[in-house]
Amino acid sequence: QVQLVESGGGLVQPGGSLRLSCTASGNIVSIATMGWYRQAPGKQRELVATVSSIGSIIYADAVMGRFAISRDSAKKTVFLQMNNLRPEDTAVYYCNVDRVSRPAGVTVNLWGQGTQVTVSS
């Protein structure tokens, strides 16, 4: 069974920075896509950024130029460096992994438990 462990959320003032990390475990051979989504109160979950196994990256327009996603494929870990944070970035941030290859087969679309990011003065 694949498990995702997220860390790095918290409270930060506007203009501040946070770094999120998410590590997958569970006899994993490879992961095709790793990424982050977020859900603010009363809103739908939305894409923040994803990175593929070959390094292709997608960012939401709202975070372009402020956030940076990266991954360490050997450690099955994805990072999200968030700079110049704004109050509207406040949300629960969820790690997502897709097409996880294991000896038993391929698992798709798995979610972490979420980590709260609050941007407030």
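Above this text is the structure in question.
A brief report on the enclosed structure follows. Sequence order as written defines the numbering, with residues in each chain counted from 1. In view of the model being predicted, local features appear only for residues whose pLDDT reaches at least 70, and side-chain atom pairs are presented and counted only at 80 or more, with totals across whole chains, interfaces and linings using the full set of residues. The side-chain figures draw on all heavy atoms in the structure; neither hydrogens nor water molecules are used.

**Overview of the layout of surface pockets**
Using a 1 Å grid laid over the protein atoms alone, points where a 1.4 Å probe fits but cannot get out form a cavity; open sets with protein on both sides within 12 Å along at least 5 of 7 lines form a pocket; any residue with an atom within 4 Å of a point counts as lining. Grid points are joined across faces, edges and corners, and a volume is the space filled by probe spheres set on the points. By volume, the largest pocket amounts to about 180 Å³. What lines the largest pocket is Arg38, Ala40, Lys43, Gln44, Glu46, Ala62, Arg66, Arg86, Glu88, Asp89, Thr90 and Ala91. Any residue outside Ala, Val, Leu, Ile, Met, Phe, Trp, Tyr, Cys, Pro, Asp, Glu, Lys and Arg is labelled polar, Gly included; the first ten of those are nonpolar and the last four are charged. Of the residues assigned to the lining of the largest pocket, the class counts are three nonpolar, two polar and seven charged.

**What to know about the pattern of salt bridges**
When a carboxyl oxygen of Asp or Glu lies within 4 Å of a side-chain nitrogen of Lys or Arg, that pair is called a salt bridge. For the structure on display, the rule yields four salt bridges. Ionic pairing is found between Arg38 and Glu46, a salt bridge with its closest N-O pair at 2.8 Å. Exposure remark for Arg38: the relative accessible area of 7% places this residue in the buried category. A salt bridge links Asp89 to Arg66; its shortest N-O distance comes to 2.7 Å. Type-normalised accessible area, obtained with a 1.4 Å probe on protein chains alone, sets the label of each residue: buried when under 20%, exposed when over 50%, and partly exposed for intermediate values.

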